[in-house]
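Summary of the model geometry
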Amino acid sequence: MAVYTEVADEDLRTFVAEYDIGTVVSCKGIAEGVENSNYLLQTDRSNFILTLYEKRVNPTDLPFFIGLMEHLANQGLRCPTPLAGRDGARLRSLCGRPAAIISFLQGLWPRRVSSAHCASLGAAMADLHLKGLSFPQRRPNSLGPKAWRPLFDLEAHRTDKVKPGLAAFLRHELDHLEKHWPTDLPVGIIHADLFPDNVFFQGTEVSGLIDFYFACTDFLAYDIAICLNAWCFEDDGSFNVTKARLMLSSYQKVRPLSAAEFNALPILARGAATRFLLTRLYDWLNTPPGAFVKRKDPLEYERKLRFHAEIDGPGGYGLEYHSLAAGEL
């Protein structure tokens, strides 16, 4: 979440009047994230999230995102629900941007990730994957492997300004991923951005998943690989095997992983690290001055990518499939 587009008071009041949610009390920008402009909207009836979809989001994808959130919420997944206006529309325009008002979820995202958080996340992610299987629409992953080389090429000429030698390292990694990326793993709806600030907890139990604007159709295990990157590394760069085991074990109890998915985790994690390194690199170099958004350090993912590049199988993470399948992790 972030704020790129400022909303004038009069525009806000006119927009909110299209809904039966009361009158505006306050509207405060939310700084986390990098994609859309988000506000915590308080009316005299309740709290909501106001989202303005910025230029990176393709407007033609918005019906998919809105429909997916409705579907998952109807299936019982704890996720935001887009509100319909008085005219029945869930999408409209504000300040020249597509915009929607989304239900507000209770909970906090974890500032310090614990093993218990990871265990609860694993079960919630598997639940999302199962409930998404009945969603009829498909959306290719716009930031999947086919997008990585073109994204790198956009900034290759100044990549070494961030760190000398980074461009050559990324070229080598892209060559490896293009050669070894799997082709036949189970596919379904994935969140594709399940970072800690997109998962709410009450205590150590997941109370909601938010920000579905990267959701797409891809390998289900790729979502796990994203979470291994986002949840299982410590501040000093070390990989926490206990967190990974608990995440996978909890996932397995809801949706069992195949041996092929388990064995593909190292290459999928390597690809996920590359994807977030590249998008963070692009944002680091291109975030407009004065934007109310926190730039995220791309070199965090360079360090993670170097770790994954040294792994030759799940055993390198301290994981074993027979233990996972037996529920012994």
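About the thresholds
- Residues numbered from 1 in each chain as written.
- Predicted model: local features only at pLDDT ≥ 70, side-chain atom pairs only at ≥ 80, totals over all residues.
- Heavy atoms only, no water.
- Axes fitted to C-alpha atoms, helices over the stretch in contact; angles between N-to-C directions.
- Helix = DSSP H or I, 4+ residues; strand = E, 2+ residues; numbered from the N terminus.
- Parallel < 35°, antiparallel > 145°, perpendicular 65-115°, else oblique.
- Left-handed = near helix turned anticlockwise from the far one by under 90°.
- Contact = heavy atoms within 4.5 Å.
- Nonpolar A, V, L, I, M, F, W, Y, C, P; charged D, E, K, R; others polar.
- Salt bridge = Lys/Arg side-chain N within 4 Å of Asp/Glu carboxyl O.
- Buried < 20%, exposed > 50% of the residue type's maximum accessible area, 1.4 Å probe, protein only.
- Phe/Tyr/Trp six-rings, centres within 6.5 Å; stacked < 30°, edge-to-face > 60°.
- Lys NZ or Arg CZ within 6 Å of the ring centre and 35° of its normal.
- Pairing = 2+ DSSP bridges.
- Disulfide = S-S within 2.5 Å.
- Arc of directions from axis to C-beta.
- 1 Å grid on protein atoms, 1.4 Å probe; cavity = no way out; pocket = protein on both sides within 12 Å on 5 of 7 lines; lining within 4 Å.
- Points joined across faces, edges and corners; volume = space filled by probe spheres on them.
- Patch = residues over 30% accessible without salt bridge, like charges linked within 9 Å, V, L, I, M, F, W, Y side chains within 5 Å.
- Areas by Shrake-Rupley, 256 points an atom, 1.4 Å probe, with all protein chains shown as cover.

Okay, the packing of helix α6 (residues 220-231) against helix α7 (residues 241-254) next. The interhelical angle for the contact between α6 and α7, taken along N-to-C directions, is 150°, at an axis separation of 10 Å. Here α7 runs roughly antiparallel to α6, going by the angle between their axes. Of the two possible hands of crossing, α6 and α7 adopt the one that is right-handed. On α7, the residues touching L220, I224, C227, L228 and W231 of α6 are K243, A244, M247, L248 and Y251. Of the residues that constitute the contact of α6 with α7, the class distribution is nine nonpolar, no polar and one charged.

Before going further, it helps to examine the pattern of salt bridges. Throughout the structure, instances matching the rule amount to 20 salt bridges. The shortest N-O distance in the salt bridge between K131 and D127 comes to 2.5 Å. With K131 and D127 both in helix α3 (residues 115-132) and four residues apart, this pair spans about one turn of that helix. By relative accessible area, which is 18% here, K131 ends up buried. If you follow the salt bridges from partner to partner, you end up with E18, D87 and R92 in one network.

Before going further, it helps to examine the packing of aromatic side chains. Summed over the entire model, instances satisfying the criterion amount to 16 aromatic pairs. Between F233 and F307 the ring centres are 5.4 Å apart and the planes differ by 85°, which places this aromatic pair in the edge-to-face class. Within this pair, whereas F233 is found in the loop between α6 and α7, its partner F307 is found in helix α9 (residues 298-309), the two being separated by 74 residues in sequence. Residue F307 is classed as partly exposed on the basis of its relative accessible area of 26%. Taken together, the ring pairs connect Y53, F64, F65, F135 and Y213 into an aromatic cluster. Its end group placed over the ring of F276, R275 keeps NZ or CZ at 3.9 Å from the ring centre.

Here we come to the sheet that holds strand β5 (residues 97-103). Pairing is antiparallel across the open sheet formed by five strands, whose spatial order is β1-β2-β3-β5-β4. On the outer flanks of this sheet lie β1 (24-29) and β4 (92-94), each paired with one strand and no other. Across the sheet, the axes of successive neighbouring strands diverge by a mean angle of 35°, strand direction being ignored. In the sheet, β4 pairs with β5 via three bridges, with the strands oriented antiparallel. Residue L94 lies in a different strand from β5, and its bridge partner there is R97.

Within the structure shown, the criterion is met by zero disulfides. Cysteine C118 shares no disulfide, and the gap to the nearest cysteine sulfur, in C232, comes to 4.7 Å. As a non-bridged cysteine, C227 has C232 as the owner of its nearest cysteine sulfur, 8.1 Å distant. Since its relative accessible area comes to 0%, C227 is described here as buried.

With that settled, consider helix α1 (residues 9-16). Three or four residues apart is the spacing at which side chains of an α-helix point the same way, because the helix has 3.6 residues per turn. For α1, the complete set of buried residues consists of L12, F15 and V16. An end-on view of α1 places all buried positions within 90° of arc, on one side of the element. Packing partners of the buried residues in α1 comprise β1, β2 (37-43), β3 (47-52), β4 and β5.

Tallied over the entire structure, the rule returns two cavities of 30 Å³ or more. Space inside the second largest cavity adds up to approximately 50 Å³. Taken together, R139, N141, S142, L143, A192, F214, Y222, I226 and R275 form the lining of the second largest cavity. Tallied by class, the residues present in the lining of the second largest cavity amount to five nonpolar, two polar and two charged.

So, on to the environment of T43. Tracing the chain through its elements places T43 in strand β2. Considering only alpha carbons, one finds T43 and V254, 211 residues apart in sequence, at a separation of 38 Å. The residues contacting T43, other than those within four sequence positions of it, are I21, G22, T23, V24, V25 and F48.

On the surface, L130, L133 and V254 cluster together to form a nonpolar patch covering roughly 230 Å² of accessible area. With respect to the helices, strands and loops of the structure, L133 is situated in the loop between α3 and α4 (145-155).

Interpretation note: all reported values are geometric properties and have no functional meaning in isolation.
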